[in-house]
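# Secondary and tertiary structure notes
Okay, here's what each chain looks like letter by letter:
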Amino acid sequence: GENVEQHPSTLSVQEGDSAVIKCTYSDSASNYFPWYKQELGKRPQLIIDIRSNVGEKKDQRIAVTLNKTAKHFSLHITETQPEDSAVYFCAASKGGYQKVTFGTGTKLQVIP
Amino acid sequence: DVKVTQSSRYLVKRTGEKVFLECVQDMDHENMFWYRQDPGLGLRLIYFSYDVKMKEKGDIPEGYSVSREKKERFSLILESASTNQTSMYLCASSPLGQGAMNTIYFGEGSWLTVV
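Here is a short report on the structure shown in this document. What you see is a predicted model, and the numbers here were worked out from it, not measured in a lab.

Counting its secondary structure elements, chain A contains zero helices and eleven strands. Reading the secondary structure of chain A in the N-to-C direction produces β-β-β-β-β-β-β-β-β-β-β. For chain A, whose C-alpha radius of gyration is 13 Å, the value lies close to the compact-globule estimate of 13 Å for 112 residues. Viewed in the frame of its principal axes, chain A has a C-alpha envelope of about 40 × 30 × 20 Å. Buried positions account for 46% of the 112 residues belonging to chain A. Within chain A, contacts between residues at least 6 apart in sequence are counted, and of these 53% link residues at least 24 apart. For chain A, the exposed surface amounts to about 5,600 Å²; the carbon and sulfur share of it is 46%. Seen as two clouds, the 13 positive and the 12 negative side-chain charges of chain A have centres 7 Å apart.

Here is the structure:
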């Protein structure tokens, strides 16, 4: 089955700096790669996603890149703010009836 | 607004008890999931279902079973609870679709402590 690895497990950045979280996946048939943010005590929520026919997607301060050949994808957060502090999960899926496999999470701390 | 509701937020059960965790979604989603969340291990899939009465094992199904008698309801059952099942359990649902149609909507989670 699919295996998703995520690094780093924890990340501390100064407010205003950029943060990058990286994930790799094992199943070349996976075609959908979402990122979820889980604030302390809350449910995970989708923040951005990318499909396999797209190399990069941006939404304000967050962006995701996908390298299908290398089977890895990354989340980039620019101009970090304290409210970006949370646990971030990457995931991979083949869509349709298929299950979604998550990475182990990255705890991001933005230091004011 | 999609709602995934888990009926119990906090439970304390004794070893050997049978435990039911209930989940209801109101968006007519085909897919439903049960995940377990543990520090350092992320979100691990226990079971999922893509239709009524259908179920598929996830990555850690041992010690668990599920029931989906109605489209909107997906139950997780611990036949005989053990202390290593102390965890946060997250129910989720998603529409059937390809690619970006698979946004997963999570419930607020059920904290289960087995003593």
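We are not done yet, so read on.
Before going further, it helps to spend a moment on the packing of aromatic side chains. A full pass over the atoms with the stated rule returns 13 aromatic pairs over all chains. Between Phe102(A) and Tyr35(B), the aromatic rings sit 5.2 Å apart at their centres with planes inclined by 90 degrees, giving edge-to-face as the arrangement. Residue Phe102(A) is found in strand E10 (residues 100–102), and its partner Tyr35(B) is found in strand E5 (residues 31–38); the two belong to separate chains. There is no split in this pair, since Phe102(A) and Tyr35(B) are both buried. Through a chain of ring-to-ring contacts, three or more aromatic side chains come together here, namely Tyr36(A), Phe89(A), Phe102(A), Phe33(B), Tyr35(B), Phe48(B) and Phe106(B).

The phi angle of most residues is negative, glycine excepted, and most peptide bonds adopt the trans form. The omega torsion across His7(A) and Pro8(A) is -5 degrees, close enough to zero to call that bond cis. As for its position among the elements, Pro8(A) is in the loop between strand E1 (4–7) and strand E2 (10–14). Unusually for a residue other than glycine, Glu79(A) sits at a positive phi of about 45 degrees. Inspection of the secondary structure assignment puts Glu79(A) in the loop between strand E8 (72–77) and strand E9 (86–93). Taking the relative accessible area as the measure of exposure, Glu79(A) reaches 52% and is therefore exposed. Notably, Asp28(B) is not glycine yet its phi reads approximately 60 degrees, a positive angle.

Rules of the game
Residues numbered from 1 in each chain as written. Chains lettered and ligands numbered in written order. Predicted model: local features only at pLDDT ≥ 70, side-chain atom pairs only at ≥ 80, totals over all residues. Heavy atoms only, no water. Helix = DSSP H or I, 4+ residues; strand = E, 2+ residues; numbered from the N terminus. Rg over C-alpha atoms; globule rule 2.2 N^0.38 Å. Buried < 20%, exposed > 50% of the residue type's maximum accessible area, 1.4 Å probe, protein only. Contact = heavy atoms within 4.5 Å. Areas by Shrake-Rupley, 256 points an atom, 1.4 Å probe, with all protein chains shown as cover. Lys, Arg positive; Asp, Glu negative; His and termini not counted. Charge placed at Lys NZ, Arg CZ, Asp CG, Glu CD. Phe/Tyr/Trp six-rings, centres within 6.5 Å; stacked < 30°, edge-to-face > 60°.

Distances and angles like these do not, on their own, reveal function.
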